[in-house]
Amino acid sequence: MSLIVHKYGGTSMGSVERIRNVAKRVAKWHAAGHRVVVVPSAMSGETNRLLGLAKDLSPDADGRELDMIAATGEQASSGLLAIALQAQGLKARSYAGWQVPVRTDSAFTKARITSIDDQRIRADLDAGMVVVVTGFQGVDDEGHITTLGRGGSDTSAVAIAAALKADECLIYTDVDGVYTTDPRVEPDARRLSVISFEEMLEMASMGSKVLQIRSVEFAGKYRVPTRVLSSLTDPDMPLAEEMKSGTLITFEEDEKMEAAVVSGIAFSRDEAKITLLGVPDKPGIAYSILGQVAEANIDVDMILQNQSVDGTTDFSFTVHRNEFARTLAVINDKISASVNPRDVLSDDKVAKVSIVGIGMRSHAGVASLMFKTLAEEGINIQMITTSEIKTSVVISDKYMELAVRALHKAFGLEIAAVKV
Ligand code: ADP
Ligand code: ASP
Ligand code: MG
């Protein structure tokens, strides 16, 4: 008898009919002798609706109160799912994060899980129950409700699976696995039957929202066998078939899929770029700029410093688009006076496109094929960063979809992998 954690996203929980299907699917697993913990997201659109109400009242509302509001979405869907499970004749009980408790730090709206108490869940499982635990939320040391950042139910599920030492964590969503790129942008995207943990980590951190990055980090740290699969199939499909469907995140490099050089293309429109022109080229300048940005709790993504000319240099960096206004305010209030840039340029209409693949370690010419492809489409590259297994570029966001489709084709992702 194995212990399995199921996670169902917003679309999968999107209506009473869908919730009933989730309950049927869970009942099938339970009937086959598995112990099941289910982690649901809020019904689709609900988190946006709730946060939208808050925004109407105040554009920069207090994080603690935002979490208080947003967490109700998962509380409602969890209670509804427990009722649907009971209607299937199962014993089921739902818990909010604070009841488990799922402990987090106090970084409201982007809290990190610090520990999960497994006692209550285990006691209920031992009593033959299906346990439903809210995704996306926890409680800090002072008892305040926190949330884990958008898409955070993935992280709740994998963290709970790690805490329970579950046999598998199944992430049920509205696509039937991880694709070579978002199938909404490239209809010819291909499902991968396995993806290496490292590639999944890069895909998620470069913007593929199929899994929240922290969930992938948890899966890696605690070696949680994690699979992404569809919740929209017939809930009565044979269990053996379902167990092999979707995309498995593998920790074994040898098992890596089809030996592709580039396995996937990730993108993010959530980018904004800021350039400080003509800052002094001397020790401590990067710290003077980015130290203040970090002080304001703003995450910096890409950083670029140009060659010095006449003792001055240009310094560019990118932040999440949501933090754009705040970053400009920090520059105005805290940086400009001391660093004295000649000018500050800013652009919140940029996007990041990344190619990801373990094969890039051992193949030359991958990045140059990327640059050639973008050049042929007339797309200007504004910034470039690389790691061992990815190359990312910042481009104007109006070309993002074109770039993704052109690169998908150039790297032969819709068919067998291309040899570079
Ligand atoms: P859920 O509500 O189940 O958490 P999300 O909307 O967060 O679902 O994530 C699933 C979506 O991720 C898909 O509908 C798809 O559009 C998008 N996506 C982005 N990149 C990929 C990819 N490489 N493979 C599959 N889906 C992707
Ligand atoms: N409901 C939350 C969100 O919309 C968490 C999640 O769906 O994973 O971001
Ligand atoms: Mg999600």
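Residues numbered from 1 in each chain as written. Chains lettered and ligands numbered in written order. Predicted model: local features only at pLDDT ≥ 70, side-chain atom pairs only at ≥ 80, totals over all residues. Heavy atoms only, no water.

Chemist: Give me the lowdown on the overall build of the protein chain, citing residues and values where you can.
Modeler: Secondary structure summary: the protein chain contains 12 helices and 18 strands in total. Its C-alpha radius of gyration of 23 Å places the protein chain within 12% of the 22 Å reference for a compact globule of 420 residues. The 420 residues of the protein chain split such that 50% are buried. A separation of at least 24 residues holds for 76% of the contacts in the protein chain among residues at least 6 apart in sequence. With an accessible surface of roughly 18700 Å², the protein chain has 50% of that area assigned to carbon and sulfur atoms. (Helix = DSSP H or I, 4+ residues; strand = E, 2+ residues; numbered from the N terminus. Rg over C-alpha atoms; globule rule 2.2 N^0.38 Å. Buried < 20%, exposed > 50% of the residue type's maximum accessible area, 1.4 Å probe, protein only. Contact = heavy atoms within 4.5 Å. Areas by Shrake-Rupley, 256 points an atom, 1.4 Å probe, with all protein chains shown as cover.)

Chemist: Account for the UniProt feature "binding site: ATP" (unreviewed entry) in the protein chain, with residues named and values stated.
Modeler: Cross-referencing UniProt, the feature "binding site: ATP" (unreviewed entry) maps to Lys7, Tyr8, Gly9, Gly10, Thr173, Asp174, Tyr179, Arg184, Lys209 and Val210 in the present numbering. Turning to its location among the elements, Tyr8 is positioned in strand β1 (residues 3-8). Leaving out residues up to four positions away in the same chain, Tyr8 has contacts with Met13, Val22, Arg25, Val26, Val38, Val39, Pro40, Ser41, Tyr172 and Ser231. A polar contact of 2.9 Å, which involves the side chain of Tyr8, links it to the side chain of His6. Secondary-structure assignment places Gly9 in the loop between β1 and α1 (16-31). Judged by its relative accessible area of 8%, Gly9 is buried. Sequence-distant contacts of Gly9, that is, excluding residues within four places in its chain, are made with Ser41 and Tyr172. (UniProt positions renumbered as here; feature names shortened; annotations may be inferred. Polar contact = N/O pair within 3.5 Å; in protein donor to acceptor, adjacent residues only side chain to side chain.)

Chemist: Lay out the site of ligand 2 in plain terms, naming residues and giving numbers.
Modeler: Around ligand 2, the surrounding shell consists of Ser41, Ala42, Thr47, Glu74, Phe136, Arg150, Gly151, Gly152 and Ser153. Gly151 has a polar backbone atom sitting 2.8 Å from an oxygen atom of ligand 2. The backbone of Gly152 places a nitrogen or oxygen atom 3.4 Å from an oxygen atom of ligand 2. Expressed as a share of its isolated accessible area of 260 Å², the protein-covered part of ligand 2 is 86%. Taken together, the residues that form the shell around ligand 2 break down as two nonpolar, five polar and two charged. (Near = heavy atom within 4 Å. Nonpolar A, V, L, I, M, F, W, Y, C, P; charged D, E, K, R; others polar.)

Chemist: Give me the lowdown on the sheet that holds strand β2 (residues 35-40), citing residues and values where you can.
Modeler: Strand order across the open sheet formed by eight strands is β3-β6-β2-β1-β9-β11-β12-β10, with mixed pairing between neighbours. Edge positions in the sheet fall to β3 (92-95) and β10 (194-196), since each has one partner strand and no second. Taken pair by pair, the neighbouring strands of this sheet meet at an average axis angle of 20 degrees, ignoring direction. Two elements, strand β11 (residues 226-230) and strand β12 (residues 247-250), share three bridges in a ladder whose sense is antiparallel. (Pairing = 2+ DSSP bridges. Axes fitted to C-alpha atoms, helices over the stretch in contact; angles between N-to-C directions.)

Chemist: I'd like a description of the site of ligand 1, backed by residues and values.
Modeler: The environment of ligand 1 is made up of 17 residues, and the closest members are Thr173, Asp174, Tyr179, Asp182 and Arg184. A distance of 2.9 Å is found between an oxygen atom of ligand 1 and a side-chain nitrogen or oxygen belonging to Lys7. Between ligand 1 and Asp182, the relevant distance is 2.8 Å, taken from an oxygen atom to a side-chain nitrogen or oxygen of the residue. A total of 580 Å² of accessible area belongs to ligand 1 in isolation, and the protein chains cover 91% of it.

Chemist: Quick rundown of the nonpolar core? Include the residues and the values.
Modeler: By size, the foremost hydrophobic cluster in this structure holds 42 residues, and its most contacted members are Val5, Val37, Ile121, Ile160, Cys169 and Met200. Top contributing element to this core by residue count: helix α5 (residues 153-163), with six residues. Excluding anything up to four places from it in sequence, Cys169 contacts Val5, Ala157, Val158, Ala161, Val224, Pro225, Thr226 and Arg227. (Core = buried A, V, L, I, M, F, W, Y, C linked by side-chain atoms within 4.5 Å.)

Chemist: Give a description of helix α6 (residues 197-205) that names residues and reports values.
Modeler: Buried within α6 are the following residues: Phe197, Glu199, Met200, Glu202, Met203 and Ala204. Just downstream of α6, Gly207 is the residue with a positive phi angle, here 120 degrees.

Chemist: Describe the confidence of the model for the protein chain, with residues and values.
Modeler: Averaged over all residues, the pLDDT of the protein chain is 95; the fraction at 70 or higher stands at 97%. The secondary-structure element of the protein chain with the lowest mean pLDDT is strand β14 (residues 300-305), recorded at 92, while strand β6 (residues 130-133) shows the highest, at 99. (pLDDT = per-residue confidence, 0-100.)

Chemist: Any details on the pattern of salt bridges? Residues and values, ideally.
Modeler: Opposite charge on two side chains makes pairing possible when the charged atoms of those side chains draw close. Enumeration according to the criterion identifies 22 salt bridges in this entry. Put simply, Arg227 and Glu168 hold a salt bridge, and the shortest N to O gap is 3.1 Å. One end of the pair, Arg227, is in strand β11; the other, Glu168, is in strand β9 (residues 168-173), and 59 residues separate them in sequence. Glu168 sits in the buried class, given a relative accessible area of 19%. The network of salt bridges with shared partners includes Arg25, Lys28 and Glu242. (Salt bridge = Lys/Arg side-chain N within 4 Å of Asp/Glu carboxyl O.)

Chemist: How would you summarise the sheet that holds β14 if you had to cite specific residues and measurements?
Modeler: Taken in spatial order, the six strands of this open sheet run β14-β15-β13-β16-β18-β17, and their pairing is antiparallel. Each edge of the open sheet carries a strand with a single partner, namely β14 and β17 (383-387). Shown here is a sheet whose adjacent strand axes are inclined to one another by a mean of 30 degrees, direction ignored. In this structure, strand β13 (residues 264-280) lies alongside strand β16 (residues 343-356), joined through 11 bridges in antiparallel fashion. Paired with Lys273 across the strands is Asp347, a residue of β16. Along the sheet, helix α9 (residues 285-295) makes contact with β13, β14 and β15 (312-320), crossing β15 at roughly 20 degrees.

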